Amino acid sequence: MNAQMIIHGIQAIVLGLSVGLILLIIRKHAPGSKLKLWVLLAGIAGAAYLVMKMFGVPGESTFSKMALAATIMLSSNIMLQILNLLLWDYLLKKQVDVHIPRLVIDIINFIVLAIVAVALLNGIFGVKLTAFLVTSTVLSAVIGLSLQDILGNLFAGLALQMERPYKLGEWINVGDEEGVVVQMNWRTLSIRTRSGDHVIIPNATVSKDIVTNYSRPDRNHMCRISVGMAYADEPGKMKRIIISILKKMDGVLDAPSPRVFLSKFDDYSIIYDVRFWISEYHRRPELENAVRTRIWYGLKRNGLTIPFPIRDVTIREVSAEQEDRVNENMKQDVIRELRNIELFKPLSYDQIDELAANSSKLLFSKGELLVQQGDSGDSLFIISDGEVEISVSDSTGRRTHLVDLHRGDYFGEMSLLTGEPRSASVTAICETEVIVVEKSGMAELLEQESSILEPLSAMLEKRMEDLSGRVTKQTGKKKSVEQPDRKEHLIGRIRDFFGIG
C-alpha cells in the first residue's frame with residue numbers, strides 16, 4: 001500500500017464522516033427536506049471517485065470523469081438547496097417577511113446548475129462548445145419567436161408574483177372583469193366573478209391593465225348611491241333622515257361614518273350622493289340594495305316621495321268624494337285595530353274614534369329596527385300586518401330573543417303612558433305595517449276624560465305582570481320585587497307624564 005492509496009483512503013473516511021454529520025444535522029433541523037437524498041447521492045459519487053483513485057484508475061478514464069462530474073454537480077445542487085433554506089426560506093421569508101415566488105427560485109437554481117454543467121463539460125470532458133453555442137443561439141431565437149406570448153406571460157407572472165398586487169381571496173378588478181382571486185400561476189390569473197363564472201386572464205394582460213384591489217389597504221370600502229328628491233324637501237332634513245337610516249343598518253360601518261352630499265340640481269329633482277362604508281365587499285350588491293330599500297321606507301314614513309320624471313301625461317282627476325272615502329276606510333281600519341287592543345278596552349267608541357284620528361300608519365322593511373332598547377319614546381305600536389321580533393341585550397351585549405309578535409299584537413305601552421325608555425329592541429322579520437299611537441292623542445283623551453286613567457293603569461299593570469314573567473322565563477333573571485301599591489305608583493307616573501293634576 002503506497003502513500004497515494006493511504007491519502008485517498010483518509011479522504012474517503014473524511015468524506016463518509018462528513019456525509020454522516022450532514023445527514024444528522026439535516027435530520028434534526030430539516031426532517032422533511034429532500035436534501036438528505038442529494039447528500040447521500042453526492043457521498044456515493046465522491047466515494048466511488050476516491051475508490052477508483054485508490055485502486056489506480058487513471059483520472060482521464062471515462063468512469064473517473066463521470067464520478068468526479070457527478071460529485072461536483074451534486075455538491076453544487078446541495079449548496080443551492082442549503083442557500084434556499086438559509087436565504088429564501090429563513091432570512092427573507094421569516095425574518096424580513098419578503099416572499100419570493102418558488103418559480104423565481106427554481107429558475108435561479110436552473111441557471112446556476114446549467115453554468116456548472118457547461119463548465120464541467122468544458123473542463124473535465126474537454127467538449128468544445130463553440131459550435132454548440134452557435135447552434136443554440138439560432139435555436140433560441142426560433143423558440144423565442146414562437147413562444148414570445150408564453151414567455152411574455154411567464155415574465156409578467158414573475159413580476160406580478162414579486163410585486164404581489166393581490167393574493168388569493170382578495171377582490172380585484174382587471175379591465176372589465178371583477179371577482180375574487182382563486183388561482184395564480186406562471187401564465188394566468190383566475191378570478192371568480194359574482195355570477196359564479198371563472199375568468200382566466202393572461203398575466204401579460206394583467207401587467208398592462210389597471211388593477212384595482214378592493215381588499216387593500218384594508219377590507220373597508222366606500223359605496224355610493226344616488227337619491228333624487230323633490231325641490232320642496234329641505235336638504236338638511238333629507239340628510240338627517242338618510243343618515244339616521246344608515247346608522248341603524250347591519251353591514252354599514254359606523255366609522256367612517258355615513259355622509260350625504262347634495263350632488264346636483266336635476267331637471268325634476270335634487271340629487272343626493274349617499275356615501276357609506278362596508279367591510280364585506282362580496283356583499284356589496286346586497287348591501288346597496290338594502291340601503292336603497294331602507295331609504296324608500298324611511299322616506300315614505302316621513303311623508304316624502306321620490307319624484308317622477310316630468311312628462312306630458314293625461315291626468316285623471318280623483319274626486320274629493322272618492323278621496324274622502326279612501327281616508328274614511330283607512331280610519332275605520334285603524335279603529336278596528338284599536339278596539340281589538342286589550343289596553344284600550346276601557347275606552348268608549350267615541351274615544352277610540354278620537355284616538356284613531358291622532359294615529360298614523362307606518363311601513364317598515366325586513367330587518368329594520370322599529371325601536372331600540374334604551375331609547376326614549378312616547379308611542380305605542382300595533383301590528384296591522386307582518387311580524388316582529390322582540391329581544392333584549394344585557395350589559396355585555398349578549399342578545400336574548402324573547403318572542404315574535406304577529407298581526408294584532410302591540411308593544412310600547414309603557415313608553416306611551418309613562419315615557420319610560422324602551423325596555424327591548426323590536427326588529428321587523430318581514431315587511432311590517434304598524435299603527436302608531438302617539439302621546440299627543442292620549443293627552444287629548446286624558447285631558448277630556450280623566451276617569452279612564454284608573455282602568456288604563458289596571459290594564460297596564462296586568463300587561464307588565466305578563467311581560468315580566470316572560471322575560472324571567474327567557475333570560476333566567478328575576479326582576480325586582482313588585483311594589484305593593486304598584487297600581488297607585490303607575491297612576492302617579494301617568495299623571496306626571498301627561499301633567500294631570
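This text gives an overview of the structure that appears in the document.

Definitions and limits used
Residues numbered from 1 in each chain as written. Predicted model: local features only at pLDDT ≥ 70, side-chain atom pairs only at ≥ 80, totals over all residues. Heavy atoms only, no water. Axes fitted to C-alpha atoms, helices over the stretch in contact; angles between N-to-C directions. Helix = DSSP H or I, 4+ residues; strand = E, 2+ residues; numbered from the N terminus. Left-handed = near helix turned anticlockwise from the far one by under 90°. Contact = heavy atoms within 4.5 Å. Nonpolar A, V, L, I, M, F, W, Y, C, P; charged D, E, K, R; others polar. Core = buried A, V, L, I, M, F, W, Y, C linked by side-chain atoms within 4.5 Å. Buried < 20%, exposed > 50% of the residue type's maximum accessible area, 1.4 Å probe, protein only. Phe/Tyr/Trp six-rings, centres within 6.5 Å; stacked < 30°, edge-to-face > 60°. Salt bridge = Lys/Arg side-chain N within 4 Å of Asp/Glu carboxyl O. Pairing = 2+ DSSP bridges.

### Quick notes on the packing of helix α11 (residues 349-357) against helix α13 (residues 439-448)
At step 1: Relative orientation of the contacting elements α11 and α13 amounts to 150 degrees, with a least axis distance of 8 Å. The interaxial crossing formed by α11 with α13 has right-handed handedness. Of the residues in α13, those touching α11 at Gln351, Glu354 and Leu355 are Gly441, Met442, Glu444, Leu445 and Gln448.
At step 2: By residue class, the composition of the contact of α11 with α13 is three nonpolar, three polar and two charged.

### Details of the nonpolar core
The tendency in soluble globular proteins is for nonpolar side chains to be buried side by side.
At step 1: In this structure, Leu338, Leu343, Phe344, Ile382, Val437 and Met442 are the most contacted members of the largest nonpolar core, which totals 31 residues.
At step 2: Elements with a contribution of two residues or more to this core: α10 (320-339), α11, β11 (379-385), α12 (413-418), β16 (432-438), α13, α14 (453-475) and α15 (486-498).
At step 3: Here the element with the most residues in this core is α14; it accounts for five residues.
At step 4: In this structure, Leu338 is in contact with Phe344, Ile352, Leu355, Ala356, Ser359, Ile382 and Val437, ignoring residues within four places of it in sequence.
At step 5: In terms of nonpolar packing, the next biggest core, distinct from the first, is built from 22 residues, Cys223, Leu246, Ile270 and Val291 among them.

### Observations regarding the packing of aromatic side chains
At step 1: Enumeration over the complete set of coordinates arrives at six aromatic pairs.
At step 2: Plain terms: the ring middles of Tyr214 and Tyr281 are 4.3 Å apart, the flat faces sit at 10 degrees to each other, and that makes the pair stacked. Of this pair, Tyr214 sits in the loop between β5 (211-213) and β6 (221-229) while Tyr281 is found in the loop between β8 (270-278) and α9 (284-301), placing the two residues 67 residues apart along the sequence. In terms of burial, Tyr214 and Tyr281 fall into one category: buried.

### Observations concerning the pattern of salt bridges
At step 1: Here the structure, examined in full by the defined rule, presents 15 salt bridges.
At step 2: For Arg194, the salt bridge is made with Glu178, and the minimal N-O distance between the two is 3.1 Å. With a gap of 16 residues between them, Arg194 in the loop between β3 (188-192) and β4 (198-202) and Glu178 in strand β2 (residues 177-184) connect regions that are remote in the sequence.
At step 3: According to the relative accessible area criterion, Arg194 is partly exposed, its value standing at 33%.
At step 4: Ionic pairing is found between Arg336 and Asp333, a salt bridge with its closest N-O pair at 2.1 Å. Here the residue Arg336 and the residue Asp333 both occupy positions in helix α10, the gap between them amounting to three residues, near one helical turn.
At step 5: Looking at Arg336, the relative accessible area reads 49%, which means it is partly exposed.
At step 6: The class for Asp333 is partly exposed, based on a relative accessible area of 29%.
At step 7: Beyond isolated ion pairs, a larger network of salt bridges with shared partners links Arg224, Asp273 and Arg275.

### Let's talk about the sheet that holds β3
Neighbouring strands of a sheet are bound in pairs by backbone hydrogen bonds; such pairs are parallel or else antiparallel.
At step 1: Ordered in space as β4-β3-β2-β1-β5, the five strands form an open sheet in which the pairing is antiparallel. This sheet does not close on itself; its edge strands, each paired only once, are β4 and β5. Across the sheet, the mean angle separating the axes of adjacent strands is 40 degrees when strand polarity is ignored.
At step 2: As paired elements, strand β1 (residues 171-174) and β2 share four bridges and run antiparallel to each other. If you follow Val174 over to β2, its bridge partner there is Glu177.

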